[in-house]
Amino acid sequence: MQPKLPGVIVLTATLFLFTSTWAQNKLLRGKIQDENGSPLPKASIMVKGSKAGISSGDDGSFEINVPTNATLVITAIGYNKSEVKTAAQDFVTITLSPDDHSLNEVVVTALGVKREKRNLTFSSQEIKSDELGRAKEPNVLNAMTGKIAGVQITSSTGAPGSSSRIVVRGVTSIVGNNEALIVIDGIPINNAETGAVNNGPGSNRLLDIDPAIIESVNVLKGAAATALYGSAGARGVVMITTKTGSGSKKPAITVSQDLSFESGIFAKVQDKYAQGDRKDINGVIYDNVYYDGDADKASSSWGPLMDTLRVNGQPVQKRNQVKDFFQTGVTSTSAISFSGSNSPGSSYFASYSYLDQKGIVPTSYLKRHAVFTKFTTKLTDKIAGTFQFNYANNRTNRVPEGYNLESPIWTIYAAPISWNPFPTVNTDGTQRVYRFGRNNPYWVLDNIYTHGTVNRFLPAITLNYTVTDWLNITERMGADLYAEQVKYFEARGSAGNPNGLIVDRTNTFRQYNNDLIIDAHKQFNKFNVQLLLGNNVLSTYTQNVEGRGVGLSVTGGYDNVANASTQTYSEKHYLVRKTGFYSQANFDYNHLLNLALTGRYDGSSVLAKSNAFYPYGSAAAGFVFSELLGPKLSSVINFGKVRVSYASVGNDNVDAYSLTTPYLNVSSANNNTIAGISFPFQEQNGFLLKDVLGNPFLKNELVREFETGIEIKALNNRIGAEVSWFNKKVQDGLIPVTISPATGYNQTTINTARLQTKGIEILLNANPVRAGKFNWDLIFSFTKLDNKVLALHDDLTQVNVGFTNAIVGQPYGVKFGTRFARDPRTGQLLINASGLPFADPQQGILGNISPDWLAGLTNNLSYGPFSLSFFFDMKKGGVTENNVDGYGYFYGTPKVTEDRGMRTVAGISTVDDKANTVAVKGQDYWRQVSGIVESVIQDATYIKLRNVSIGYVLPGKLIQKTPLKSASLTLTGRNLWIHSPHFTGGDPETNSFGSSNGSLGLYSFSTPTARSVNISLKIGL
């Protein structure tokens, strides 16, 4: 037994020492939060004087073994470092203050991963919630217009709920979708344009999102930035991050009320001449003959001067048809939100808003109810969850727009100033019109409409499992569900459909997204390594059911399809599935060198089996050269980085079932027959193959992009600049091609197009003045893109894209059509024997809708509780077709047609090849040029004072004895000034028929955009 004694002594001593050491350590729990009580994830918690440390979880919580009376050193990106003594505490709450001069800004990147902006190897730009809120726009895209370099956002019309389009770094497809992917809190959502039945735009579905719930928007521009998002990311990604709750146990309540008044920005019309035209009276042709619109009807305003016009010895009343028809629009937005925390590690945010917009066209409106909730909690010590739900109910009423027969706006702009539109009906109940073939605009308001209702649900769940302090697993599940009901009604007696028409359409959309992400991040001496692996599954289902009824039996607004004598129905279903496997590796060496590698392997159900799966990826590097600067230079240049990247991204821009050729029902309703037999025949249906041949070999379009850039901050971060240059090439682009009718088909789709876009983006930030209570921030953005169609298919040189064309060797989106005949030697107009210019028998290129460059200038000034912000938006170049003038020249309604005297048109006479000397009447001249498209192709250059905002925050001493915690009052003006020297319409930014590729470059009798004044009151409780 004696020999065992030393062993017992050693074991006892070891246990004593271990117990003594353990007694000197304890388990400390805590939470890291910001000044508002919101959790700060990924904060670093180190024990001072040792290498022990961990990172806080997504809810800001942490656990760490520390010695008694230890000191913790806490650091987080964008916040000041803090040191906290633990003393005898078992739980600590640590609040970090923001570092206003920090270079370590945090941004949300692909898949919702937060990264330091200084370490990014690609270009992205973020807009915060306060900047979005200043715009006072119901649609968040409109609030972003002109503020992001490399991004073009265009609105359609001024109708409530009308669509907007966002394109990042130019187009990537000839005929496919070119709009950026929209992602909310890591979940892709649908942003299609829906709701349009007759001419005019619908709504892009981002309209369903209340801008007030958005914390920030980060736009990922290049392919290297978006490669992780798969096929849809090739078009750029708009990352929307919603607000989260505060850490305060007492709920913070915010109430706001906005009221806006809108007036239209109209095209100028002539106000001197009455309704009338040339008339043959007893064999003599008279000019300027008056038509009263009742006994004598005419489409034109080539009548006599109103100032001298007398009927039965009495002057005829002059009317302002535009101002009489359009009204002052009123928009009211009411909102309330709740924010707080009910336990450590949890927070909640909930909001409700109601928007009620009455458009400048009577009877038009948009009404939106929006509910949003977001709850973050710690389910276990290692698992945190975020549960959120977004619901929106949209209701709209639209009137027809554009140049179709039903459009009241067409009739108003063309209406003679001598015609009284009231009463709207004759004694026999028929419409009272000033000309045949058009509706009375006021009759339309009561008898033609498009009612739309959308109910949308966006649920999402994110679960984060912290395996260790360096390994996280995230499971993110989300859905996008909406049902849209659209009812188009056209009463009997309409010019377009005399027997009446009803269209009843139901659209159902269901999209499910799931991401499983494994994220590892580890520090190895001077190396910081992050590895990410993930899998994505996306399923999208769409159903469209439409009933169409013609020939109404009952008048008086009974808009049930059962009211129609002839009824037809159609039904379509689309199911698309995608799956992807992705990886990313980020290496940071000593905050000096950064390398990012990404790879993705996608599979898509819309592509041919042999091409369904395709790989792509990116490589990017950044060099922070400011880390090597000496003390003197680094005091001037606070931060400097150069970056370079190359990426290859697949884009499955193929419609569902494009691989096959479907059968279409043949019936007498669609005027089709088979061998002269109308169907249904003897109770049997007839079917024919569609005339578009499916292509079973379709594959993805491929985008390759090289990008380089430089970022600099100087003079204590008072000045900042970011410049990016990129070269993007698209190959295997999808285009429709005409094939020989001998095949039994007229068209098919192939992968043969090639595009190229080069561009430069500049973003400048400056803080010119920061003195005492006064502060002035300035932001300038500049974008210049040059794109070109490199090839289409073999000897095919041109593809039609709606109102524009893709032509080899030309920029995408050129206008092509009738042009003036010109002398080949001098370029002057050719003039015929009658003294008039005429059309060249050969059509040609008339201009390019893409601008030469875009720019935006934001100024934010504050002095104590007062603030002033104003934003200029600029576009140089790019053309639009002014269709209002195109029709108006014939009818004599645009302002310019007031010049009706004799004139000699400058040019070369075809008679003697000399300068023209034959004079013509103004009416003849304007009617002649109305048939030549070139006459209404106008430069769409503009400068807009898009937004001015004046705010006042009530000082705390004024409300300290009230229940209020905060209160502010803001006055905002939108579109207060527009300078468009070469455009004769209202707003050159308008695209009258929506946001699709084929709808661009046409200004045509649409609801005018509005100039508005908004007053906003916001209080905190």
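Before reading further, recall that the structure is shown in the block above.
Residues numbered from 1 in each chain as written. Predicted model: local features only at pLDDT ≥ 70, side-chain atom pairs only at ≥ 80, totals over all residues. Heavy atoms only, no water.

Draft legend 1. Focus on the overall build of the protein chain. Looking only at helices and strands, the protein chain features 11 helices and 60 strands. For the protein chain, whose C-alpha radius of gyration is 33 Å, the value lies close to the compact-globule estimate of 31 Å for 1021 residues. A buried classification covers 52% of the 1021 residues belonging to the protein chain. Within the protein chain, residue pairs in contact and separated by at least 24 positions form 69% of the contacts whose partners lie at least 6 positions apart. Averaging the coordinates of the 95 positive side-chain charges in the protein chain and doing the same for the 82 negative ones gives two points 6 Å apart. (Helix = DSSP H or I, 4+ residues; strand = E, 2+ residues; numbered from the N terminus. Rg over C-alpha atoms; globule rule 2.2 N^0.38 Å. Buried < 20%, exposed > 50% of the residue type's maximum accessible area, 1.4 Å probe, protein only. Contact = heavy atoms within 4.5 Å. Lys, Arg positive; Asp, Glu negative; His and termini not counted. Charge placed at Lys NZ, Arg CZ, Asp CG, Glu CD.)

Draft legend 2. Main features of unusual backbone geometry. Put simply, Phe422 and Pro423 share a cis peptide bond, and its omega is 0°. Along the chain, the position of Pro423 falls in the loop between α6 (408-414) and α7 (441-447). One non-glycine residue, Arg169, lies in the positive phi region at around 55°. Even without a glycine there, the phi angle at Asn525 is positive, about 55°. Tracing the backbone through its elements, the reader meets Asn525 in the loop between β30 (501-524) and β31 (527-552). With relative accessibility at 78%, the residue Asn525 sits in the exposed group.

Draft legend 3. Examining the packing of aromatic side chains more closely. According to the stated counting rule, one finds 30 aromatic pairs in the structure shown. Centre to centre, the rings of Trp410 and Tyr887 are 6.0 Å apart; their planes meet at 75°, and the pair counts as edge-to-face. You can see Trp410 sitting in helix α6 and its partner Tyr887 sitting in helix α9 (residues 883-891), a full 477 residues away along the chain. Its relative accessible area of 28% is what places Tyr887 among the partly exposed residues. Through pairs of rings, three or more aromatic residues link up here, namely Tyr403, Trp410, Tyr413, Phe803, Tyr887, Phe890, Tyr891, Phe993 and Phe1005. One cation-aromatic arrangement involves Lys297 over Phe436; the distance from NZ or CZ to the ring centre is 5.9 Å. Geometry around Phe890 places Arg927 over its ring, the cationic atom sitting 4.2 Å from the centre. (Phe/Tyr/Trp six-rings, centres within 6.5 Å; stacked < 30°, edge-to-face > 60°. Lys NZ or Arg CZ within 6 Å of the ring centre and 35° of its normal.)

Draft legend 4. Structural context of empty space enclosed by the protein. Following the criterion strictly, the structure yields 13 cavities of 30 Å³ or more and no others. Taken as a whole, the largest cavity holds about 620 Å³ of empty space. If you trace the largest cavity, you find 38 residues lining it, with Gln152, Thr154, Ile849, Ser850 and Pro851 closest to the centre. Breaking the lining of the largest cavity down by element, the ones donating at least two residues are β11 (151-155), β12 (164-168), β44 (774-791), β50 (853-863), β51 (866-876) and β52 (879-882). For the lining of the largest cavity, the class distribution of residues is 18 nonpolar, 15 polar and 5 charged. Roughly 450 Å³ of internal volume is contained in the second largest cavity. (1 Å grid on protein atoms, 1.4 Å probe; cavity = no way out; pocket = protein on both sides within 12 Å on 5 of 7 lines; lining within 4 Å. Points joined across faces, edges and corners; volume = space filled by probe spheres on them. Nonpolar A, V, L, I, M, F, W, Y, C, P; charged D, E, K, R; others polar.)

Draft legend 5. Layout of the nonpolar core. The biggest cluster of nonpolar side chains holds 30 residues, and the ones touching the most others in it are Ile174, Ile735, Val789, Leu792 and Tyr812. When residues of this core are traced back to their parent elements, those giving at least two are α4 (223-226), β34 (613-623), β35 (637-651), β42 (719-738), β43 (747-771) and β45 (798-801). If one sorts the elements of this core by residue count, β42 sits on top with 4 residues. Residue contacts for Tyr812: discarding those within four places in its chain leaves Val171, Ser173, Ile174, Asn178, Asn787, Val789, Val801, Asn805, Ala806, Asn848, Ser850 and Asn997. By size, the runner-up hydrophobic cluster in this structure holds 27 residues, among which are Val168, Ile209, Ile213 and Leu458. (Core = buried A, V, L, I, M, F, W, Y, C linked by side-chain atoms within 4.5 Å.)

Draft legend 6. Representation of α9 within the structure. Burial of α9 is extensive: 7 of the 9 residues sit out of reach of the surface. Where α9 is buried, its residues touch α6, β52, α10 (922-929), β56 (937-939) and β59 (1002-1003). Looking one or two residues past α9, Gly892 carries a phi angle of roughly 80°, positive in sign.

Draft legend 7. Representation of the sheet that holds strand β17 (residues 214-220) within the structure. Pairing is mixed across the open sheet formed by 5 strands, whose spatial order is β10-β17-β18-β13-β14. With partners counted over all chains shown, the strands left at the sheet margins are β10 (124-128) and β14 (187-189), one partner each. This sheet shows a mean twist of 25° between the axes of neighbouring strands, independent of strand direction. (Pairing = 2+ DSSP bridges. Axes fitted to C-alpha atoms, helices over the stretch in contact; angles between N-to-C directions.)

Draft legend 8. The arrangement of the environment of Phe866 in detail. With respect to the helices and strands, Phe866 occurs in strand β51. Along the primary structure Phe866 and Leu954 are separated by 88 residues, whereas in three dimensions their C-alpha atoms are 9.1 Å apart. Non-local contacts of Phe866, meaning those with residues more than four positions away in its chain, are made with Leu861, Gly951 and Tyr952.

Draft legend 9. Local environment of a nonpolar patch on the surface. Together, Leu259, Phe261, Leu868, Ile943, Ile950, Leu969, Leu971, Leu976, Trp977, Val1013, Ile1015 and Leu1017 give the surface a local cluster of nonpolar side chains, amounting to about 960 Å² of exposed area. Listed by contribution, the elements that provide at least two residues to the nonpolar patch are β19 (252-264), β57 (942-953), β58 (966-979) and β60 (1010-1020). Considering each element in turn, the nonpolar patch owes the most residues, 4 residues, to β58. With respect to the helices and strands, the residue Val1013 is situated in strand β60. (Patch = residues over 30% accessible without salt bridge, like charges linked within 9 Å, V, L, I, M, F, W, Y side chains within 5 Å. Areas by Shrake-Rupley, 256 points an atom, 1.4 Å probe, with all protein chains shown as cover. Salt bridge = Lys/Arg side-chain N within 4 Å of Asp/Glu carboxyl O.)

Draft legend 10. Highlighting a positive patch on the surface. Taken together, the side chains of Lys729, Arg754, Lys758 and Lys788 present a region of like positive charge at the surface. Looking at the element boundaries, Lys729 is found in strand β42.

Draft legend 11. Expanded view of the pairing of β12. Most of β12 sits inside the fold, with 5 of its 5 residues counted as buried. Burial of the side chains of β12 extends over both faces: Ser164, Ile166 and Val168 are buried on one face and Arg165 and Val167 on the other. When β11 meets β12, the two strands line up antiparallel, connected through 5 bridges. Paired with Val151 across the strands is Val168, a residue of β12.

Draft legend 12. Layout of the pairing of β51. In this structure, β50 lies alongside β51, joined through 11 bridges in antiparallel fashion. Following the sheet pairing, Leu854 is matched in β51 by Lys875. Across 10 bridges, the pairing between β51 and β57 is antiparallel. Pairing of Ser869 across the sheet is with Ser949, part of β57.

Draft legend 13. Representation of the side chain of Arg165. Tracing the chain through its elements places Arg165 in strand β12. For the buried Arg165, which has no salt bridge, the nearest side chain bearing the opposite charge is Glu179, at an N-O separation of 4.8 Å. In this view, Arg165 contacts Gln152, Ile153, Thr154, Val171, Asn178, Glu179, Ser995, Ser996, Asn997 and Leu1000; residues no more than four positions away in its chain are not counted.

Draft legend 14. Just the sheet that holds β59, in detail. Pairing in this open sheet of 3 strands is mixed, and the strands run β56-β52-β59 from one edge to the other. Looking at the sheet topology across the chains shown, the edges are occupied by β56 and β59. Of the pairings in the sheet, the one linking β52 to β59 comprises 2 bridges and is parallel in character. Each residue of the ladder has a partner; that of Asn882, found in β59, is Tyr1003. Sheet strands in contact with α9 are β52, β56 and β59, and its direction is about 35° off that of β52.

Draft legend 15. Quick look at the side chain of Arg398. The topology assignment puts Arg398 in strand β27 (residues 383-398). Although Arg398 is buried, it forms no salt bridge, and the closest oppositely charged side chain is Glu484 at an N-O distance of 5.8 Å. At 2.3 Å, the side chain of Arg398 forms a polar contact with the side chain of Ser203. If we ignore the near neighbours within four places in the chain, the residues touching Arg398 are Gly161, Thr194, Gly195, Pro201, Gly202, Ser203, Tyr449 and Thr450. (Polar contact = N/O pair within 3.5 Å; in protein donor to acceptor, adjacent residues only side chain to side chain.)

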